[in-house]
Amino acid sequence: MTEATDAMLQNWHTLAKDGRPLDINEAMMHLTLEIVGKTLFSIDLTREADTVGEAFSVVNEEIARLTSIPFANIGLKIPFLPGTRRINKNTAILTQVVHGIIQERRQSGLETEDLLGMLMAARDEDSGEGMSDQQLHDEVMTIMLAGHETTAVALAWTFYLLSEHPAVRAELEAEVDGVLNSRLPTIDDIPNLPYTTMVLEESMRLYPPAYTIARWGNEEDEVGGYYVPKNSVITTSPYITHRHPEFWDDPERFDPQRFTPERKAERPRYAYLPFGGGPRICIGNSFAMTEATLLLASIVQRYRLALVPGTRVALEPLITLRPKGHLMMTLTSR
Ligand code: HEM
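Residues numbered from 1 in each chain as written. Predicted model: local features only at pLDDT ≥ 70, side-chain atom pairs only at ≥ 80, totals over all residues. Heavy atoms only, no water.

Colleague: So what's going on with the sheet that holds strand β6 (residues 303-307)? Which residues, and what values?
Modeller: A sheet is described by the order of its strands in space; here three strands give the open sequence β1-β9-β6, paired in antiparallel fashion. For this open sheet the edge positions go to β1 (22-23) and β6, each flanked by a neighbour on one side alone. Relative to strand β9 (residues 328-333), β6 is paired through five bridges, and the arrangement is antiparallel. Counterpart to Y303 in the pairing with β9 is S333. Packing of helix α13 (residues 285-302) onto the sheet brings it into contact with β6 and β9, and relative to β6 it is tilted by some 90 degrees. (Pairing = 2+ DSSP bridges. Helix = DSSP H or I, 4+ residues; strand = E, 2+ residues; numbered from the N terminus. Contact = heavy atoms within 4.5 Å. Axes fitted to C-alpha atoms, helices over the stretch in contact; angles between N-to-C directions.)

Colleague: Let's hear about the pattern of salt bridges: which residues, and what values?
Modeller: Overall, the coordinates contain 18 salt bridges when judged by the stated rule. A salt bridge links R304 to E173; the nearest nitrogen and oxygen atoms lie 2.8 Å apart. Of the two residues, R304 is situated in strand β6 and E173 in helix α9 (residues 166-180); the sequence distance between them amounts to 131 residues. Of the residues examined, R304 reaches a relative accessible area of 35% and is grouped as partly exposed. (Salt bridge = Lys/Arg side-chain N within 4 Å of Asp/Glu carboxyl O. Buried < 20%, exposed > 50% of the residue type's maximum accessible area, 1.4 Å probe, protein only.)

Colleague: Talk me through the nonpolar core; I want residue IDs and the actual numbers.
Modeller: One finds W12, I24, M28, F159, L296 and L305 to be the most contacted residues of the largest nonpolar core, which totals 57 residues. Elements that contribute at least two residues to this core include exactly α1 (2-18), α2 (24-41), α8 (149-164), α9, α10 (194-206), α13, β6 and β9. Per-element tally for this core: the top contributor is α8, with 10 residues. Beyond its immediate chain neighbours, meaning those up to four positions away, M28 contacts M8, W12, A152, L155, A156, F159 and I299. In terms of nonpolar packing, the next biggest core, distinct from the first, is built from 24 residues, I43, A55, V140 and I143 among them. (Core = buried A, V, L, I, M, F, W, Y, C linked by side-chain atoms within 4.5 Å.)

Coordinates in, geometry out; function isn't part of it.
Given below as C-alpha cells:
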C-alpha cells in the first residue's frame with residue numbers, strides 16, 4: 001500500500017513545483033485500484049485504471065438513475081433502452097478486465113497465496129467442488145469494485161475537509177511528523193496514529209461513502225411500527241443517521257474529537273455505521289481502515305493539499321457518495 005503511494009507522491013513533485021492542481025478524487029481512485037490489484041490479486045492494474053474508472057462511473061450513474069424511478073427492475077431487463085444499453089456495454093468492459101485478471105493467473109500456473117489464489121483453491125465443504133467460472137468472476141468483480149472506490153471517496157472527502165479546517169490539519173500533521181519522522185508508515189505505526197484514524201472516522205461520518213444500505217423484504221414485516229409488504233425495498237441511510245441531532249451535537253461541524261474512545265462509548269452502537277452492521281457488515285472494513293490510515297499519513301507527511309479557490313463542492317449520490325465533478329486541489333511540498 002505504501003509502496004504504491006510513495007510512487008504516486010514522487011510523481012506529484014512536478015505538479016507541486018509547477019503549481020498545477022490535480023483532481024484528488026481521480027488520483028485516489030487510481031491509487032486504491034492499483035492497491036487492490038497488487039495486494040489481493042498480485043497484478044498490476046495501473047494500465048486499466050482509466051478504463052475501470054470510466055466504465056464504473058457510467059454503470060454507477062445509470063444504476064443510480066434507474067433505481068430512482070419506478071419499475072427500474074423492469075427497465076434493466078429491456079436491452080434496447082439507452083440506459084440499459086450503456087450499463088450492458090460498460091459491464092462488458094469491466095468483465096473484460098476481470099477475465100484478464102483470472103486468465104493471467106491461470107496461464108501463469110502460479111499458486112499464489114493471495115485472495116485470488118484462495119478463491120481459486122476454495123472448495124465447498126459438502127460437495128468438494130470449486131467455484132464455477134461465473135462465481136469466481138463475480139467474486140473478483142465485487143472485490144475489485146467494492147474494494148477501491150469506497151476508500152478513494154473517503155480519502156477525497158477527507159482532503160477536502162482538511163483543506164477547510166486548518167486547525168485539524170495542523171494537529172494531524174503534528175501527529176504524523178512526530179510518529180513517522182520522515183519515513184513511510186507501516187502497519188505497526190497505526191496504533192500510534194490515533195488522531196489520523198479519528199480524522200478518517202469523522203470524515204466518514206459527514207460523508208459516508210456507502211450513504212444508503214438497502215434490503216429486499218422476502219416476507220411481509222413490521223419495522224419501527226411501519227407495515228412493510230412483501231417484496232419491498234427498505235433503505236436505511238448512514239448519511240442521515242450520522243447527522244441526526246439526537247446522536248450528534250452540532251452535527252454539521254467537522255470535529256474528529258467525537259471519536260475519542262470515551263465519546264465513542266457514550267453513543268448508541270448504530271449511531272455510526274459507515275461499514276454497515278450485522279451479518280453483512282463490510283468484509284473489507286479492516287483492510288479499508290488500514291489502507292486509509294497508511295495513505296493519509298503518507299500523503300499528509302509530504303504534501304499540504306488546498307482546494308482551488310472558487311471550486312463548487314457538491315454531493316453526487318450515486319451508488320457511493322462521490323464529490324460532484326472534479327475536486328481540484330493544489331499541492332504544497334512540506
Ligand atoms: C471506506 C471503505 C469502505 C466502506 C465505507 C465500505 C462500506 C460497506 C458497507 C456499508 C457494506 C454493507 C452493505 C450492506 O449491508 O448491504 C459493505 C459490504 C461489503 N464490502 Fe465494503 N466498504 C469499504 C471498503 C471495502 C473494501 C476495501 C473491500 C474489499 C477489499 C470491501 C468489500 C465489501 C464486500 C465484499 C461487501 C459485501 C459483504 C457481504 O455482503 O457479506 N469493502 N461495505
